[in-house]
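Here is how the chains run, residue by residue.
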Amino acid sequence: AKFAKAKKYITPKNKLFNTVTAMKVPISKIAALVQGTLIGDSNTLISGAAPFEQAGDSEITVAGNAKFLKKMSDCLAAAIIVPRDVTAGAHNLVQVDNPMVAFAKILQYFHPPVQPQTGIHAGAVIGPEFTHGQGLAVGPTVVIGRHVSVGDRVWLHPGVVIGDKVVVGDDVVIHPNVTIQERCIIGNRVSIHAGTVIGSDGFGFAPDGHCYHKIPHTGIVQIDDDVEIGANNAIDRGTFGKTHIGRGVKTDNLVHIAHNVSVGANTVLVAQVGISGSVTIGKNAILAGQAGVAGHLTIGDGATVGPQTGVGRPVPDGQIVSSGIPEMPHRMWLRVQRLIPKLPEFSKRLSGLEKRFKRLEAKME
């Protein structure tokens, strides 16, 4: 079937992107923005937010832990965001429950999200029966398949490919060169960063002793609301059913999620995490960088898997597990590596020594 011709790209006279204009606001307004308590001069004008060591005399910064709280007297900022129990200091203070969350909100205030130019670029290719809401922005070289539906205020950056029968919710940003393959479902307020592939086939083959026969993957990927997917992720569709990314999940760059994995709400997957097929991860879990999970396991709610940890058994709710080897001098590492193959022999000898020691103890009694 032929693709429908794309609509003419809308080119209003205004600039393509919003720019951050220079502004100064009273610190009292910033304190109200983050539900904070102000200690100091409410008329002090703030022009922006900056890191603790770099903040100037018209900027606000954050001191969220003891390391920075001890150095507040050296800080040049006009104001500092601090925990509720901090009351003393030569600066204007904004007391809040969670300093880092408050600082994030202030950064968003001074640097609002870039807004796209709405319309469909003439270089986009749109399949038949494409439906969309208001405020759609489609960049050049975007390809949209048949029977695709997207909601309001969706932004498809250049090079995005959307397969047949994909459904995308409202307020979604899909960055350059992302591919979402057929029948996948994307929720509201989702951000998918450049180079990610959603809905590719899982790694499934049936061996007959001579070669491997591909197992068709007929499922989908479902991504719920308020999810952010990092750059160059690979999220495979289910063999049957679905691979499910729960509400509020955040993934870093270079994360791989295999077929039929379920990731619970508000879980965080850090860079280079690899999750094998049919794994179930609970809510509010954290998998640190380069952690790997074997297939068909369960990681509980609130569990934490440390960096470079290989998970080969279920992890209960709330448990912290780790196995990454810390750094050490290279010569020591070489000695350790030589000892590892001998550990079974050492264990056997130690067990024998323990038995002999117990026999000697019994005789002495």
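Everything numeric here is computed off the predicted structure, so don't read it as measured data. (Residues numbered from 1 in each chain as written. Predicted model: local features only at pLDDT ≥ 70, side-chain atom pairs only at ≥ 80, totals over all residues. Heavy atoms only, no water.)

**A few points about the overall build of the chain**
Consideration 1: When its secondary structure is counted, the chain shows five helices and 39 strands.
Consideration 2: For the chain, the C-alpha radius of gyration of 27 Å lies well beyond 21 Å, the compact-globule estimate for 365 residues.
Consideration 3: On the principal axes, the C-alpha backbone points of the chain span a range of 95 × 70 × 35 Å.
Consideration 4: Among the 365 residues that make up the chain, the fraction classed as buried is 38%. (Helix = DSSP H or I, 4+ residues; strand = E, 2+ residues; numbered from the N terminus. Rg over C-alpha atoms; globule rule 2.2 N^0.38 Å. Buried < 20%, exposed > 50% of the residue type's maximum accessible area, 1.4 Å probe, protein only.)

**Here's the deal with the environment of Ile30**
Consideration 1: Structurally, the position occupied by Ile30 is in helix α1 (residues 27–33).
Consideration 2: Taking the C-alpha atoms as reference points, Ile30 and Ser58, 28 residues apart in sequence, are found 13 Å from one another.
Consideration 3: Excluding residues that lie within four positions of it along the chain, Ile30 makes contacts with Val25, Ile46, Ile60, Ile106 and Phe110. (Contact = heavy atoms within 4.5 Å.)

**Structural notes on the sheet that holds strand β9 (residues 125–126)**
Consideration 1: Ordered in space as β9-β12-β15-β18-β21-β26-β29-β32-β35-β38, the ten strands form an open sheet in which the pairing is parallel. Two strands lie at the open edges of the sheet, namely β9 and β38 (310–311), each paired on one side alone.
Consideration 2: Relative to strand β15 (residues 161–162), strand β12 (residues 143–144) runs parallel, the two being bridged by two bridges. For Ile144, the partnering residue across the bridge sits in β15 and is Ile162. (Pairing = 2+ DSSP bridges.)

**What to know about the pattern of salt bridges**
Consideration 1: In this structure the tally under the stated criterion is ten salt bridges.
Consideration 2: Its salt-bridge partner being Asp171, residue Arg153 comes within 2.5 Å of it at the nearest N-O pair. Note that Arg153 is positioned in the loop between β13 (149–150) and β14 (155–156) and Asp171 in the loop between β16 (167–168) and β17 (173–174), a separation of 18 residues in sequence.
Consideration 3: Under the relative-accessibility criterion, Arg153 is labelled partly exposed at 44%. (Salt bridge = Lys/Arg side-chain N within 4 Å of Asp/Glu carboxyl O.)

**Examining a nonpolar patch on the surface**
Consideration 1: Nonpolar side chains collect at one region of the surface, where Met332, Val336, Leu339, Ile340, Leu343 and Phe346 lie side by side and expose about 490 Å² of accessible area between them.
Consideration 2: Those elements giving two or more residues to the nonpolar patch turn out to be α4 (330–339) and α5 (343–364).
Consideration 3: Considering each element in turn, the nonpolar patch owes the most residues, three residues, to α4.
Consideration 4: Position of Val336 relative to the elements: it lies in helix α4.
Consideration 5: The exposure class assigned to Val336 is partly exposed, which follows from its relative accessible area of 31%. (Patch = residues over 30% accessible without salt bridge, like charges linked within 9 Å, V, L, I, M, F, W, Y side chains within 5 Å. Areas by Shrake-Rupley, 256 points an atom, 1.4 Å probe, with all protein chains shown as cover.)

**Structural notes on a positive patch on the surface**
Consideration 1: A contiguous patch of positive charge, built from Lys355, Arg356, Arg359 and Lys363, is present on the exposed surface.
Consideration 2: With respect to the helices and strands, Lys355 occurs in helix α5.
Consideration 3: Look at Lys355 and you get exposed, because its relative accessible area is 51%. (Lys, Arg positive; Asp, Glu negative; His and termini not counted. Charge placed at Lys NZ, Arg CZ, Asp CG, Glu CD.)

**A look at the side chain of Ser200**
Consideration 1: Among the structural elements, Ser200 can be located in strand β21 (residues 197–200).
Consideration 2: For Ser200, a relative accessible area of 17% gives the class buried.
Consideration 3: Of note is the side chain of Ser200, whose polar atom sits 2.9 Å from the side chain of Asp236.
Consideration 4: In this view, Ser200 contacts Gln181, Ile235, Asp236 and Arg237; residues no more than four positions away in its chain are not counted. (Polar contact = N/O pair within 3.5 Å; in protein donor to acceptor, adjacent residues only side chain to side chain.)

**Details of helix α3 (residues 99–110)**
Consideration 1: Here α3 contains twelve residues, and its C-alpha end-to-end distance of 17 Å stays within 8% of the 16 Å for a straight helix at 1.5 Å per residue.
Consideration 2: Listed in full, the buried residues belonging to α3 are Pro99, Ala102, Phe103, Ile106 and Phe110. The buried residues of α3 all sit within an arc of 100° when viewed along its axis, so they share a single face. Those residues of α3 that are exposed and aimed more than 90 degrees away from the buried face are Met100 and Gln108. (Expected span 1.5 Å × (residues − 1). Arc of directions from axis to C-beta.)

**Thoughts on the sheet that holds strand β6 (residues 79–83)**
Consideration 1: Pairing is mixed in the open sheet, where five strands are placed in the order β2-β7-β6-β5-β4. Strand pairing shows two members of the sheet lacking a second neighbour, β2 (37–39) and β4 (48–49), which therefore form its edges.
Consideration 2: Sheet topology note: the β6/strand β7 (residues 92–96) ladder contains five bridges and is parallel. Directly across from Ile80, in β7, lies its bridge partner Leu93.

**Structural notes on the packing of aromatic side chains**
The relation between two aromatic rings is expressed through the spacing of the ring centres and the mutual angle of the planes.
Consideration 1: Scanning the model with the defined rule gives three aromatic pairs in all.
Consideration 2: Ring centres of Phe52 and Phe68 lie 5.0 Å apart, and the angle between their planes is 50°; on these two criteria the pair is classed as tilted. Taken together, the residues Phe52 in the loop between β4 and β5 (59–62) and Phe68 in helix α2 (residues 66–69) connect sequence positions 16 residues apart.
Consideration 3: On the accessibility criterion, Phe52 (8% relative accessible area) is buried.
Consideration 4: Of the residues examined, Phe68 reaches a relative accessible area of 17% and is grouped as buried.
Consideration 5: Pairing Tyr109 with Phe110 gives two aromatic rings, centres 5.3 Å apart and planes at 80°, and the pair type is edge-to-face.
Consideration 6: Take Phe110: its relative accessible area is 4%, and that puts it in the buried class. (Phe/Tyr/Trp six-rings, centres within 6.5 Å; stacked < 30°, edge-to-face > 60°.)

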